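# Structural description and commentary
Residue strings, one per chain:
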Amino acid sequence: MKPVGILEVKLVQAKELTNKDIIGKSYPYAVVYIRPLFDRMKKSKTINNDLNPIWNEHFEFVVEDLTTQHKNVKV
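All figures in this text were calculated on a predicted structure; none of them were measured in a lab.

What counts, and at which threshold
- Residues numbered from 1 in each chain as written.
- Predicted model: local features only at pLDDT ≥ 70, side-chain atom pairs only at ≥ 80, totals over all residues.
- Heavy atoms only, no water.
- Pairing = 2+ DSSP bridges.
- Helix = DSSP H or I, 4+ residues; strand = E, 2+ residues; numbered from the N terminus.
- Salt bridge = Lys/Arg side-chain N within 4 Å of Asp/Glu carboxyl O.
- Buried < 20%, exposed > 50% of the residue type's maximum accessible area, 1.4 Å probe, protein only.
- Polar contact = N/O pair within 3.5 Å; in protein donor to acceptor, adjacent residues only side chain to side chain.
- Lys, Arg positive; Asp, Glu negative; His and termini not counted.
- Contact = heavy atoms within 4.5 Å.

Here three strands make up an open sheet; going across it, the order is β3-β2-β5 and the pairing antiparallel. Both outer strands of the open sheet, β3 (42-43) and β5 (72-74), are each paired with one neighbouring strand and no more. Inspection of the sheet shows strand β2 (residues 31-33) paired to β5 by three bridges, in the antiparallel sense. Across the sheet, residue Val 31 finds its bridge partner in β5, namely Lys 74.

Right, dumping it as structure tokens:
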């Protein structure tokens, strides 16, 4: 497909995440994508022992189809 634009995403922070670890706090990270293909998914850095992580990361994605591609963020 021919690119139609660039999507810029700034991943700033998360607040009051649920602790998923039994001992200690979770190690949160985020995965951002507009198409769930391994080579097009971006992973943030992992923040150790923090349920209020601050990432301040910037990602860019090539957009090929405005009607079918949507931004997804999974923490």
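Going through the model one piece at a time under the given rule, you end up with two salt bridges. A salt bridge links Glu 64 to Arg 35; the nearest nitrogen and oxygen atoms lie 3.1 Å apart. Highlighted residues: Glu 64 in the loop between β4 (54-63) and β5 and Arg 35 in the loop between β2 and β3, separated in sequence by 29 residues. Residue classification places Arg 35 among the partly exposed positions, given a relative accessible area of 21%.

Another aspect to go through is the side chain of Ser 44. Locating Ser 44 in the fold gives a position in the loop between β3 and β4. Within the structure, Ser 44 has its side chain in polar contact with the backbone nitrogen of Ala 30 (distance 2.8 Å).

What follows concerns the side chain of Glu 57. Checked against the element boundaries, Glu 57 lands in strand β4. Of the buried charged residues, Glu 57 lacks a salt bridge, with Lys 45 as the closest side chain of opposite charge at 4.8 Å. A polar contact is formed between the side chain of Glu 57 and the backbone nitrogen of Lys 45, at a distance of 2.8 Å. Residues within four places of Glu 57 in sequence aside, it is in contact with Val 9, Lys 10, Leu 11, Lys 43, Ser 44 and Lys 45.

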